[in-house]
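Overview (structure and organization)
The chain contents come next:
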Amino acid sequence: MTIPTSTPTTAGPADPAVGSSTGSPARRRPQSRDGRTNWPATITLMVCSLAVLVPLFVTINMSLKTTQQAVDGRAFTLPSPLSIEGFIEAWQLTSFPRGLAISAMVTAISVVGEIVISALAAYAIARNWDRRLFRWSFFYLLAAMFIPFPVVALPQVQLTGIVGLDNPFGVAIMHIVFALAFNTMLFTAFLRSIPMSLEESMRVDGASTWQVFVRLIFPLLAPMAATVGIFAFLGSWNDYMMPNMITTNPELQTLPVLQQIFQTQFSNNYNVSFASYLMAMAPAIVVYIVTQKWVISGLTQGAVK
């Protein structure tokens, strides 16, 4: 009696389901389940892209025009000739270097503070979830997310003035405080996906809680820290309401506030206005383009345990 033996099937080089000899999977273009292009989703993405690209094109186009070309009412007409006089005038009228330095300082303090403080708070809550105090603290932070800033704006302005924080440093502290709830929620969700066995192995070797956090937990939080940092950068760099209400010295205002002052004083110089707007939002655009992949990476890794 002969026992049949199964012969392994070897896929040919044309089989798309088999990767290369190095073991990497074959790349495919994203398609729907039936293999056809999802036109409703494609059209929606195109419309959403145009909603962003068209205003950006108008901003760049108007900033490169002369004053005579900028007031002719044709925003989509290409500048002829190209002119950078709008950038030069905006640089001088708005004291752009000083505003850029203040915005960079406020943003740097906000980004570092939000990442470090939120990570520490989330680590304490996630590893002490069985204790009622830490669990209620997390719910308290979540409840703070439902309080809009205008409701507490007046008390915050009065408190910052009393303690001497009516300056850019106070603005950075307010950014850290108001973003604490959302950032802690993100870090807590991410921390629950990190197994406790990693920490226990370090504690067996004699590591303290602080050493475990600094050497193990915080490096593992890098994807979520990048996500929080990007949100912190965009929120702090583009914020207008909080610096305008807290900072009392007009010479210490951030770029968004300077743009409003500039607009009300020189609203007829469209080329200068658009040049100033472009210079102010250029750093945010560059940072987001370079780091956008970490936003989705951090959120998806923290969403699934």
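Residues numbered from 1 in each chain as written. Predicted model: local features only at pLDDT ≥ 70, side-chain atom pairs only at ≥ 80, totals over all residues. Heavy atoms only, no water.

Let's shift gears to the overall build of the protein chain. Check the secondary structure of the protein chain and you find 14 helices and 0 strands. Start at the N end of the protein chain and walk to the C end: the helices and strands fall as α-α-α-α-α-α-α-α-α-α-α-α-α-α. For the protein chain, the residues scored as buried account for 32% of the 305 residues in total. Put simply, 71% of the contacts in the protein chain that link residues at least 6 apart link residues at least 24 apart. Of the accessible surface of the protein chain, which amounts to about 18900 Å², a share of 67% is contributed by carbon and sulfur atoms. (Helix = DSSP H or I, 4+ residues; strand = E, 2+ residues; numbered from the N terminus. Buried < 20%, exposed > 50% of the residue type's maximum accessible area, 1.4 Å probe, protein only. Contact = heavy atoms within 4.5 Å. Areas by Shrake-Rupley, 256 points an atom, 1.4 Å probe, with all protein chains shown as cover.)

Here we come to the pattern of salt bridges. As enumerated under the stated definition, the model contains 1 salt bridge in all. Across the salt bridge formed by Arg127 and Glu199, the nearest N and O atoms sit 2.4 Å from each other. In this pair, Arg127 is assigned in helix 4 (residues 96-127) and Glu199 in helix 9 (residues 196-204), connecting sequence segments 72 residues apart. Residue classification places Arg127 among the partly exposed positions, given a relative accessible area of 22%. Overall, Glu199 belongs to the buried group, its relative accessible area being 1%. (Salt bridge = Lys/Arg side-chain N within 4 Å of Asp/Glu carboxyl O.)

This next bit is on the packing of aromatic side chains. Inspection of every chain in the model, using the stated rule, returns 11 aromatic pairs. Aromatic pair Tyr123 and Phe213: ring centres 5.4 Å apart, planes at 45 degrees, arrangement tilted. Residue Tyr123 is found in helix 4, and its partner Phe213 is found in helix 10 (residues 209-220); the two are separated by 90 residues along the sequence. Among the residues examined, Phe213 registers a relative accessible area of 5% and is labelled buried. Three or more aromatic residues joined by ring pairs form one cluster here, namely Tyr123, Trp210, Phe213 and Phe218. Residue placement shows Arg192 over the ring face of Trp129; its charged tip is 4.6 Å from the ring centre. (Phe/Tyr/Trp six-rings, centres within 6.5 Å; stacked < 30°, edge-to-face > 60°. Lys NZ or Arg CZ within 6 Å of the ring centre and 35° of its normal.)

Ranked by internal contacts, the top residues of the largest apolar core, which has 34 residues, are Phe187, Leu191, Ile217 and Leu221. For this core, the secondary-structure elements that each account for two or more residues are helix 3 (85-93), helix 4, helix 8 (180-191), helix 10, helix 11 (222-237), helix 13 (255-265) and helix 14 (270-303). At 7 residues, helix 4 tops the list of elements feeding residues into this core. Counting 9 residues, the second largest nonpolar core, distinct from the first, contains Ile102, Ala153, Ala172 and Ile246. (Core = buried A, V, L, I, M, F, W, Y, C linked by side-chain atoms within 4.5 Å.)

Attention now moves to the environment of Gln253. With respect to the helices, strands and loops of the structure, Gln253 is situated in the loop between helix 12 (241-246) and helix 13. Remark: the alpha-carbon pair of Gln253 and Pro168, spanning 85 residues in sequence, is separated by 7.4 Å. Not counting the four nearest positions on each side in its chain, Gln253 is found in contact with Gly99, Ile102, Pro243, Asn244, Thr247 and Leu258. Within polar-contact distance, the side chain of Gln253 engages the backbone oxygen of Thr247 at 3.2 Å. (Polar contact = N/O pair within 3.5 Å; in protein donor to acceptor, adjacent residues only side chain to side chain.)

Here we take up helix 8. In this model helix 8 runs 16 Å from its N-terminal to its C-terminal C-alpha over 12 residues, within 8% of the 16 Å that 1.5 Å per residue would give. Looking only at helix 8, the buried set comprises Ala181, Asn183, Thr184, Leu186, Phe187, Thr188, Phe190 and Leu191. (Expected span 1.5 Å × (residues − 1).)

What follows concerns unusual backbone geometry. The linkage connecting Ser80 with the following residue, Pro81, adopts the cis geometry, with an omega of 0 degrees. Turning to its location among the elements, Pro81 is positioned in the loop between helix 2 (67-70) and helix 3.

Our focus in this paragraph is the environment of Ile115. Note on placement: Ile115 falls in helix 4. Sequence separation between Ile115 and Asn183 is 68 residues, and the spatial gap between their C-alpha atoms is 7.8 Å. The contacts of Ile115, once residues within four sequence positions are left out, are Phe187, Phe218, Ala225, Val228 and Gly229.

Per-chain confidence: the protein chain averages 82 in pLDDT, with 82% of residues scoring 70 or above. Across the protein chain, element-level confidence peaks in helix 4 with a mean pLDDT of 94 and bottoms out in helix 13 with 74. With pLDDT under 50 throughout, residues 1-30 is counted as low confidence; its partners more than four residues away or in other chains account for 8 contacts. (pLDDT = per-residue confidence, 0-100.)

On the surface, Val112, Val116, Ile117, Leu120, Trp210, Val214 and Phe218 cluster together to form a nonpolar patch covering roughly 600 Å² of accessible area. Elements with a minimum of two residues in the nonpolar patch: helix 4 and helix 10. With 4 residues, the top contributor of residues to the nonpolar patch is helix 4. Topologically, Leu120 is positioned in helix 4. (Patch = residues over 30% accessible without salt bridge, like charges linked within 9 Å, V, L, I, M, F, W, Y side chains within 5 Å.)

The next subject is the packing of helix 9 against helix 10. Packing of helix 9 against helix 10 brings their axes to within 10 Å, and their N-to-C directions diverge by 145 degrees. The element helix 9 and its partner helix 10 pack so that their crossing is right-handed. Residues Leu198, Glu199, Met202 and Arg203 of helix 9 form the contact with helix 10, whose participating residues are Thr209, Gln211, Val212, Arg215, Leu216, Ile217 and Leu220. (Axes fitted to C-alpha atoms, helices over the stretch in contact; angles between N-to-C directions. Left-handed = near helix turned anticlockwise from the far one by under 90°.)

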